[in-house]
Amino acid sequence: MIIRIIYTFFVGIFMAIFVGVGISAFYKGPIYPEMPAVLRFCTTELKDTTKFAEFQTQAEQFDKLEKIYQKQQQLYSKNVATIAVLAAIILVIASLTLLRKILLIADGILLGGVMTLLYSVVRGFEAQDTMFQFFVVSIGLFISLILGYVKFIKPQSVSVSHKTKSK
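None of these values were measured; they are calculated from a predicted model. (Residues numbered from 1 in each chain as written. Predicted model: local features only at pLDDT ≥ 70, side-chain atom pairs only at ≥ 80, totals over all residues. Heavy atoms only, no water.)

## Describing the pattern of salt bridges
Then, in step 1: Counted according to the given criterion, the structure contains four salt bridges.
Then, in step 2: Residue Lys78 pairs with Asp129 through a salt bridge whose shortest N-O separation is 2.8 Å. Pair noted here: Lys78 is in helix 3 (residues 49-96) and Asp129 is in the loop between helix 4 (103-126) and helix 5 (130-166), with a separation of 51 residues, a long-range link.
Then, in step 3: In this structure Asp129 comes out as partly exposed when scored by relative accessible area, which is 24%. (Salt bridge = Lys/Arg side-chain N within 4 Å of Asp/Glu carboxyl O. Helix = DSSP H or I, 4+ residues; strand = E, 2+ residues; numbered from the N terminus. Buried < 20%, exposed > 50% of the residue type's maximum accessible area, 1.4 Å probe, protein only.)

## A closer look at the packing of aromatic side chains
Then, in step 1: Counting across every chain of the model gives five aromatic pairs.
Then, in step 2: With a centroid separation of 6.2 Å and 40° between ring planes, the pair formed by Phe132 and Phe135 is classed as tilted. Placement of both Phe132 and Phe135 in helix 5 is noted, with a separation of three residues, approximately one turn of the helix.
Then, in step 3: Cluster of aromatic residues (ring-pair linked, three or more members): Tyr32, Phe62 and Tyr69. (Phe/Tyr/Trp six-rings, centres within 6.5 Å; stacked < 30°, edge-to-face > 60°.)

## With respect to unusual backbone geometry
Then, in step 1: With a phi close to 55°, Gln128 is a non-glycine residue in the positive phi region.
Then, in step 2: Locating Gln128 in the fold gives a position in the loop between helix 4 and helix 5.
Then, in step 3: For Gln128, a relative accessible area of 61% translates into the label exposed.

Geometry only, nothing functional implied.
What follows is the structure, given as structure tokens:
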């Protein structure tokens, strides 16, 4: 019994990792801009006006590049969250329909779908867009409620109706 539970968690964790690594492998994120040497090795010799002017120019340029990167990163996080939500939906549906006869694997994939859903919520928060965050959390809640009904409540109501018919 314990081995089955461990195996279910093992499959679930690897399924979520599989989705995350797959997204990362095929959809590359933005690259953080390289900091200019003037900013990295800043010394107290900036009293010289020409060095200070160069430092200030480089700092302003780097600041602009960093802001562009942050916007790109937010869009990337939004896209990753969307892809992860879709993957989670596919995993949950597959575990509840196609694989429902193979309970041990279906439960692992279902757990992987739930973990992938949590990953998408975290990535959704990194997008720093409250409407998008609400959208991702709403999907997570909706899937959780449907999942709870299909996996736990519906089988009980079916078994209760079978017991009453057999009496």
